[in-house]
Amino acid sequence: MGKMRLDKLLANMGVGTRSQVKTMIRTGRVSVNGEIAGKPEMKVEDGRDRILADGREVCYVKYDTYMFHKPAGCVTATNDSHDRTVMDYLDIPGKEHFFPVGRLDKDTEGLLLITNDGGMAHDLLSPGKHVDKTYYAKVEGRLLPEHGKAFGAGLDIGDPKPALPAQLRILSSGEISEAEVTVHEGRFHQVKRMFAAVGCRVIYLKRLSMGGIVLDGTLEKGAYRRLTEEERKRLDATKK
Ligand code: URA
């Protein structure tokens, strides 16, 4: 979120108009990290600096979403007693309010959105919304066009209801095959179970995109960046 002027932050928060909050600051009614802040132009960082106005804490909650390139070997959780979690990779202001949108298996790599926007996460994950997710998969077993048809028809993966129709794009076929698969729901181990249903075992899985957000090819494994304005808009459009 970066640094911003104290008077601007307070005004943005609705504590008062810009001139009212300047007066509040000059008259000693605002403190930053326990010290009276006398200067409206003082720079503060939301999520790091503790700001009180008339003794009451001002929390500047701004929704933010990051894309993270999840490496294999870490778990999608906010805390875990023995495994490294995706959150261990992040150093962002107000981190305690952030969480991963959905989950990837420990051995799955690729795009994971991390947000503090509960409403957005709920919309993206809600079963009725059918947000697209595309994965690259390497599997043991020969993928054939008939498998594409089976994915498209909705596979029985052992749940009471078959999987929704999914798109399989075969990239190479051999003892080891490669494909891209797009699913429109998010069941537990969904992609692995879909390939298992056609007799193939997933040996590598990477999520390439979710809800119109494509993993940035320049992001190294373990790296993250804030979504661009354009990506945020795309996400807003997806969830409607
Ligand atoms: N499907 C899976 O089987 N695993 C994942 O991590 C994501 C989708």
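The structure this text deals with has already been given above.
Residues numbered from 1 in each chain as written. Predicted model: local features only at pLDDT ≥ 70, side-chain atom pairs only at ≥ 80, totals over all residues. Heavy atoms only, no water.

**What about the site of the ligand?**
Line of reasoning, step 1. Leu 104, Asp 105, Thr 108, Tyr 135, His 189, Gln 190, Val 191, Lys 192 and Leu 205 make up every residue found near the ligand.
Line of reasoning, step 2. A distance of 3.1 Å is found between a nitrogen atom of the ligand and a backbone nitrogen or oxygen belonging to Val 191.
Line of reasoning, step 3. Contact distances for the ligand include 3.1 Å between an oxygen atom and a backbone N or O atom of Lys 192.
Line of reasoning, step 4. The protein chains hide 95% of the 240 Å² of surface that the ligand would expose on its own.
Line of reasoning, step 5. The dominant element in the shell around the ligand, judged by the number of residues it contributes, is helix 5 (residues 190–197), at three residues.
Line of reasoning, step 6. Partitioning the shell around the ligand into residue classes produces four nonpolar, three polar and two charged.
Line of reasoning, step 7. Taken domain by domain, the makeup of the shell around the ligand includes at least three residues from each of domain 2 (65–127 + 213–239) and domain 3 (133–210). (Near = heavy atom within 4 Å. Polar contact = N/O pair within 3.5 Å; in protein donor to acceptor, adjacent residues only side chain to side chain. Areas by Shrake-Rupley, 256 points an atom, 1.4 Å probe, with all protein chains shown as cover. Helix = DSSP H or I, 4+ residues; strand = E, 2+ residues; numbered from the N terminus. Nonpolar A, V, L, I, M, F, W, Y, C, P; charged D, E, K, R; others polar. Domains from an automatic or database assignment.)

**A word on the sheet that holds strand 2 (residues 30–32)**
Line of reasoning, step 1. On the basis of which strands lie adjacent, the open sheet formed by four strands has the order 3-2-5-6 and antiparallel pairing. Two strands close off the open sheet at either side, each with one partner strand: strand 3 (35–36) and strand 6 (56–57).
Line of reasoning, step 2. Sheet topology places strand 5 (residues 51–53) next to strand 6; two bridges connect them, and they run antiparallel. In the sheet register, Leu 52 faces strand 6, and the bridge partner there is Glu 57. (Pairing = 2+ DSSP bridges.)

**Things to note about the environment of Tyr 63**
Line of reasoning, step 1. Its location among the elements puts Tyr 63 in the loop between strand 6 and strand 7 (65–70).
Line of reasoning, step 2. A sequence separation of 35 residues divides Tyr 63 from Phe 98, and the C-alpha atoms of the two residues are 9.6 Å apart.
Line of reasoning, step 3. When sequence neighbours within four positions are dropped, the list of residues in contact with Tyr 63 reads Asn 116, Asp 117 and Arg 232. (Contact = heavy atoms within 4.5 Å.)

**Digging into the side chain of Thr 65**
Line of reasoning, step 1. You can see Thr 65 is positioned in strand 7.
Line of reasoning, step 2. A polar contact is formed between the side chain of Thr 65 and the side chain of Thr 115, at a distance of 2.9 Å.
Line of reasoning, step 3. With sequence-adjacent residues up to four places away left out, Thr 65 is seen in contact with Leu 113, Ile 114, Thr 115, Met 120, Arg 226, Leu 227 and Arg 232.

**Comments concerning the nonpolar core**
Line of reasoning, step 1. The biggest cluster of nonpolar side chains holds 31 residues, and the ones touching the most others in it are Ile 114, Phe 151, Val 181 and Phe 195.
Line of reasoning, step 2. Broken down by secondary-structure element, the contributors of at least two residues to this core are strand 7, strand 9 (109–115), strand 10 (133–140), strand 12 (176–183), helix 5 and strand 13 (201–210).
Line of reasoning, step 3. When near neighbours in sequence (up to four residues on either side) are disregarded, Ile 114 contacts Asp 64, Thr 65, Tyr 66, Phe 68, Val 86, Met 87, Leu 90, Phe 98, Phe 99 and Pro 100. (Core = buried A, V, L, I, M, F, W, Y, C linked by side-chain atoms within 4.5 Å. Buried < 20%, exposed > 50% of the residue type's maximum accessible area, 1.4 Å probe, protein only.)

**Points about the pairing of strand 10**
Line of reasoning, step 1. Within strand 10, six of the eight residues are buried, leaving the element largely enclosed by the surrounding structure.
Line of reasoning, step 2. Pairing geometry for strand 10 and strand 12, over eight bridges, is antiparallel. Within the sheet, the bridge partner assigned to Val 139 lies in strand 12 and is Ser 177.
Line of reasoning, step 3. Of the pairings in the sheet, the one linking strand 10 to strand 13 comprises eight bridges and is antiparallel in character. Residue pairing for strand 13: Thr 134 is matched across the bridge by Ser 209.

Fair warning: the whole summary comes from geometry, so function is off the table for now.
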